[in-house]
Amino acid sequence: MDKSSGTGRRNSSRLWLAVAVLSLVVWMAIGGIGGPTFGKLSEVSSNDQASFLPASAESTEAREWQSKFTSSGSVPAVVLIESPEKLSPAQLAGLPSLGTQLSAVVGVSQSTSTLGPIPSTDGKAAQFIIPVGDGNGVKGSIHSLRAKATGYVTDAGLPAGTTTYVTGPAGFIADLVSAFGGIDGILLFAALGAVLVILLAVYRSVVLPFVVLLTAVFALCGSILVVFALAKSGAMQLTGQSQGILSILVVGSATDYALLFVARYREALGHSSNKWSALGRAYKGSFGAILASGTTVALALLCLLFSELNSNRGLGPIGAIGIGFSMLASLTLLPAALGLLGRSAFWPHTPRKAAANSDIPRVWRLLASIIAKRPGAVWLGAAAVLVVCASGLLQLQASGVPQSALILSKSEAVDGQAALGRHYPAGAGSPVVVVAEEKAAAEVLAEVKAQEGISDASVVAAQGGPSVRPLTESPTDTAPLVRDGRVLINATLSSEADSAKAEQTIATLRQKLHDKAPGTLVGGTTATAADTNASAQSDLWRIIPIVLAVILLVLMALLRAVLAPLLLIGTVVLSYAAALGVSAWVFNHVFGFPGADASVPLFGFVFLVALGVDYNIFLMTRVREESTLKGTRAGILKGLGATGGVITSAGVVLAATFAALGVIPILFLAQISFIVAFGVLLDTTIVRSLLVPALSYDIGRRIWWPGRLGRMS
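No experiment lies behind these values; they were computed from the predicted model shown. (Residues numbered from 1 in each chain as written. Predicted model: local features only at pLDDT ≥ 70, side-chain atom pairs only at ≥ 80, totals over all residues. Heavy atoms only, no water.)

### Structural notes on the overall build of the chain
Along the backbone of the chain there are 22 helices and 10 strands. Seen along its three principal axes, the alpha-carbon backbone of the chain occupies a region of about 105 × 50 × 45 Å. When contacts within the chain are restricted to residue pairs at least 6 apart in sequence, long-range pairs at least 24 apart make up 83% of them. With the model as given, the accessible surface of the chain reaches about 28300 Å², and the carbon-plus-sulfur share is 62%. Across the chain, the 50 positively charged side chains and the 40 negatively charged ones have centroids separated by 22 Å. (Helix = DSSP H or I, 4+ residues; strand = E, 2+ residues; numbered from the N terminus. Contact = heavy atoms within 4.5 Å. Areas by Shrake-Rupley, 256 points an atom, 1.4 Å probe, with all protein chains shown as cover. Lys, Arg positive; Asp, Glu negative; His and termini not counted. Charge placed at Lys NZ, Arg CZ, Asp CG, Glu CD.)

### Concerning the packing of aromatic side chains
According to the stated counting rule, one finds 14 aromatic pairs in the structure shown. Relative to F605, the ring of Y576 has its centre 5.1 Å away and its plane inclined at 85°; by these criteria the two rings are edge-to-face. Residue Y576 is found in helix α19 (residues 563-589), and its partner F605 is found in helix α20 (residues 600-630); the two are separated by 29 residues along the sequence. Centroid distance F591 to F593: 5.4 Å. Interplanar angle 45°. Geometry classified as tilted. (Phe/Tyr/Trp six-rings, centres within 6.5 Å; stacked < 30°, edge-to-face > 60°.)

### Quick notes on unusual backbone geometry
With an omega of 10°, the peptide bond between W347 and P348 qualifies as cis. Along the polypeptide, P348 turns up in the loop between α12 (333-341) and α13 (362-373). The step from W705 to P706 runs through a cis peptide bond, and the omega angle for that step is 0°. Structurally, P706 is set in the segment after α22 (667-699). Backbone geometry places R204, a non-glycine residue, at a positive phi of 50°.

### A short note on the environment of A278
If you trace the backbone, A278 turns up in helix α10 (residues 275-302). In this structure, the C-alpha to C-alpha distance between A278 and A694, residues 416 residues apart in sequence, is 32 Å. Setting aside anything within four residues of it in sequence, one finds A278 in contact with Y265, A268, L269 and S272.

### Considering the packing of helix α5 (residues 138-155) against helix α6 (residues 168-179)
Running from N to C, α5 and α6 point in directions that differ by 115°, and their axes come no closer than 8 Å. In terms of their interaxial angle, α5 and α6 are classed as roughly perpendicular. Here α5 runs over α6; the crossing is left-handed. Counting all contacts with α5, which are made through V138, K139, I142 and R146, the residues of α6 involved are A170, G171, I173, A174, D175, V177 and S178. (Axes fitted to C-alpha atoms, helices over the stretch in contact; angles between N-to-C directions. Parallel < 35°, antiparallel > 145°, perpendicular 65-115°, else oblique. Left-handed = near helix turned anticlockwise from the far one by under 90°.)

### Some words on the pattern of salt bridges
Tallied over the full model, the rule gives 16 salt bridges. R510 serves as the salt-bridge partner of D531, at 2.8 Å between the closest nitrogen and oxygen. Linking D531 in helix α18 (residues 525-559) with R510 in helix α17 (residues 500-516), this pair joins segments that are 21 residues apart in sequence. Neither residue differs from the other here; D531 and R510 are each classed as buried. With a closest N to O distance of 2.5 Å, D539 and R542 form a salt bridge. (Salt bridge = Lys/Arg side-chain N within 4 Å of Asp/Glu carboxyl O. Buried < 20%, exposed > 50% of the residue type's maximum accessible area, 1.4 Å probe, protein only.)

### Remarks on the nonpolar core
F607 and F658 are the most contacted members of the largest nonpolar core, which has 162 residues in total. The dominant element in this core, judged by the number of residues it contributes, is α20, at 17 residues. Once residues within four sequence positions are removed from consideration, F607 is found in contact with I245, L249, L301, L315, G612, F658, I672 and V676. (Core = buried A, V, L, I, M, F, W, Y, C linked by side-chain atoms within 4.5 Å.)

### What about α18?
If you check α18, its first and last C-alpha atoms are 49 Å apart, about what 35 residues at 1.5 Å a residue would give, namely 51 Å. At I543, α18 shows its strongest bend, of approximately 30°, with the proline P545 following within four residues. Directly after α18, the chain includes R560, whose backbone phi takes a positive value near 55°. (Expected span 1.5 Å × (residues − 1). Bend = angle between axes of the 7 residues up to and from the residue.)

### Let's talk about the environment of E437
Structurally, the position occupied by E437 is in strand β5 (residues 432-437). Relative accessible area serves as the criterion here: at 29%, E437 is assigned to the partly exposed category.

### Digging into the environment of P317
Along the polypeptide, P317 turns up in helix α11 (residues 310-331). Along the backbone, P317 and Q237 are 80 residues apart, and their C-alpha atoms lie at a distance of 9.7 Å. Residue contacts for P317: discarding those within four places in its chain leaves M236, L302 and L305.

### Things to note about a nonpolar patch on the surface
A surface patch of nonpolar side chains, amounting to about 300 Å² of accessible area, comprises L17, V21, V25 and L340. At 3 residues, the largest contribution of residues to the nonpolar patch is made by helix α1 (residues 2-37). Mapped onto the elements of the fold, V25 is located in helix α1. The exposure class assigned to V25 is exposed, which follows from its relative accessible area of 52%. (Patch = residues over 30% accessible without salt bridge, like charges linked within 9 Å, V, L, I, M, F, W, Y side chains within 5 Å.)

### Things to note about the packing of helix α9 (residues 240-269) against α20
Closest axis-to-axis distance for the α9/α20 pair is 13 Å, and the angle between their directions is 10°. Regarding the angle of α9 to α20, the classification is roughly parallel. Residues Q241, I245, L249, D256, Y257, L260, R264 and E267 of α9 form the contact with α20, whose own contacting residues are F603, F607, D614, Y615, F618, R622 and E625.

### Topic: helix α8 (residues 208-233)
Along its 26 residues, α8 runs 38 Å from first to last C-alpha, staying within 8% of the 38 Å computed at 1.5 Å per residue. A positive phi of about 85° marks G234, the residue just after α8.

### Re the side chain of S242
Structurally, S242 is set in helix α9. S242 sits in the buried class, given a relative accessible area of 1%. Excluding anything up to four places from it in sequence, S242 contacts L315 and I318.

### What to know about the pairing of β5
Burial within β5 is extensive, with 5 of its 6 residues counted as buried. Judged from the 6 bridges that link them, β5 and strand β9 (residues 486-493) form a sheet pairing that is antiparallel. Note that in β9 the partner of V434 across the bridge is I489. Inspection of the sheet shows β5 paired to strand β10 (residues 521-524) by 4 bridges, in the antiparallel sense. (Pairing = 2+ DSSP bridges.)

### What about the confidence of the model for the chain?
Taken over all residues, the pLDDT of the chain has a mean of 85, while the share at 70 or more is 91%. Here strand β7 (residues 468-469) stands out as the least confident element of the chain, with mean pLDDT 44; helix α14 (residues 375-390) is the most confident, with 95. Contacts from residues 464-477, a stretch scored under 50 in pLDDT, to residues over four places away or in other chains number 20 contacts. (pLDDT = per-residue confidence, 0-100.)

### Re the pairing of β9
Counting buried positions along β9 yields 6 of 8 residues, so the element is predominantly enclosed. Across 5 bridges, strand β6 (residues 454-459) lies against β9 in antiparallel orientation. Residue pairing across strands places I454 opposite L493, the latter belonging to β9. Two strands pair when backbone bridges link them, and strand β8 (residues 482-483) and β9 are joined in this way by 2 bridges, in the antiparallel orientation. Its bridge partner being in β9, R483 is matched across the sheet by R486. As consecutive antiparallel partners, β8 and β9 are separated by 2 residues, and within that stretch D484 has a phi angle of approximately 50°, a positive value.

Take a look at the structure:
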C-alpha cells in the first residue's frame, strides 16, 4: 500500500513537472513575440476625433457627408501670428510667403486650399487655416508647421514679442498624441515599479515578487499580441485611452490573481512536504475563484459593447482580452514557476509546517473576534461611513469638460485657442458643419446666418483655386458644390467652440433646421462634443443594469444562492457611490478640475464594480468552502482570516497600478486613476473587511438561501 502510494506520488510529480516545463516554453514564446509588439501599439492606435465619435449620432452622419466634399479627409489646423502691436501693410504683404511654406509641409493636404492670411479686425494678428491629413501623421505635420511658423517670425522682421501658435482641431490632436506618448513606457514602468515595491513588502522575499511580476508582464505580452493583430486588421478600435487602461488592467488583475494563488500555495506547503502535492492543493483551492473572478470582470467589460461611443465599444473586448490573459498566466505560468522553485520561491522566509490557525495573522483573528461579538454594530457603522461618503455625489459635475481642459500638461493648442479668441470670433478654426439638401440650401443658409451665436456662414463653392488663397466672402455668382443632392455650409461660432454656450447654439440651430428643412444635419467639433456627452450619459443608464445583471448571475451560479449575491451586489454599489462621492469632492475642492468627462462615472462603475466583485469572490468562495466544514458563522470568521491579508494586499496592488495612470497628463485618465484607486482601497478596507463579513455573520446560514447550505445548522 505504501509502495503503491509512493509510486503514485512520483508519477503525479513527473506529470506536474512535464506540464510545468511545457507551460514555461509556451509562455517564453509568447513573450518573445509579444514583447517587441508592445512598442508598436501606437502604430495601430488612433486619437483623432473619429475614434471617440458616437457610433450613431447626427454629428457622425454629418462627418460622413462632409468627407464627400473633400478628397483629403483632412483636419483643420489654425496657424496664428499674434503681434503686440498693429502689423504694418508691408508686414501683412509678406505673410502669403509663409502660407506657401506652410502648404508645402509634409502631411498638409494638397487637394484643399490653405486659407489665409486672414488679418484680424484689430490688425494685431493673422491666421492661416491649414488642411492637415487625418491619421497618425498629424503629430509630425503639426510639429513641422510650428517650426515653420516660428522660423518665419524670427526672419521676417515682425515686431518684437510676436508669437506663433498652431491650434485648431489638428493642433489638439497632436497635443493629445504627445500627452499619450508616455503610455508606451513611462506608464508601464511606473505601474510595475509600484507593484514591485508592494510585493517586496508583502512577501519579504527576494525571488517571489519577480515571479509574480513576470507573470503579469507575460500576460501583458500575450494580450498585446492579440490586440495588435485585431487592431491592425481593423476588427477593433484602439485608442491611447484604451491602450493605457489595458496595461494597467492586466498588471493589476494578473497580480491580484497571483496573490490569491500564492497564498493558497503557501498555505498548502504548510500542510504538505511535497511541493507538487502542495501545488495541486493550491490549484484546487484557487482555480474556481480565479476563473469566476476573471470571467466576471471580462463579462462586465464586454457589456461596454452596448455603448454608443466607439471608444467605449473598443475598450470592452480589449479589456476582456487582457483579463483573459491575466487568468491564463496566473493558472499556467505562475503554477509552473512555483512548482519548479518550490519553497525556495519564498526565500529567505520559506514556509514550514503549520500549526492550527498559525497561518492566520493576529490582526485578522482580532477582527474576526470583534465581528463575532458585535456583528450588527460593525456592519451598521461601516454602512454609515459609506453613506456619508456617497453624499458627495450631489457635487459631481460629469456633464463633460471643454476640449481645452482635457490636456493637463503644457499645450500650445490650448494657449493658441485662447490667443485666437482675443482677435477673432471665439469659434474660429472649429466651424459648424451643416449638410443640407440642394433645394433647401438658400433657406438653410439664411437660417444659419440668422442664428444667434453664429457670426458668419457660407456655402462651400464648386470652384478650384490656388493652394494658398485669402478667405473672402463667397461670390454670389459662384455655384455651390453639390454631392448626391446635398450642399455643405460652414459656419463660425461667436463663442468658444467647446463652451456650454456654443453647445446651446448647436441645440437651438438643430431644432430650427429640423423643423424647417427635415434631413438637414448639423455637425462639427461642438456638435460632436455635445453628442458624445449625451451618448455617455445615456450609456450610464443603459449599461449599469446590464453589468449588475451579469455579475448577479455569475455570483448566483458560483455561490449557489440568491440572498448572498443580492447582498454582495448591494455592498458593491454602495462602495461605488461612496468612491464617486469622495472623488467629486476631491475633484472640485482639491484638484480644482473644471468638471468631469461624461464617461467617467461609467468607467468608474465598470472597473470598481467588476473588480470589487473580485474581492467578494475571493472572500465568499473561501467562506463557502469553510462553511461546508464548520458551519456558516465559523466559516465566515475562518474565511475572513484566511483571505483578509490576500484581499488587502491585492487591493493595495490594484490601487497602485491604477494610480500610475496619473502619470499621463490627460484629465479623463487622471480622474479614473483617482476614482478606482481610492474606490479599491475603500472596498478592501471597509466593505470586504467589515461590512460583508459582519452582515453575513449577522444573517447567519440564511445568507445561503435558498441553497443547501442555508438549511444546514
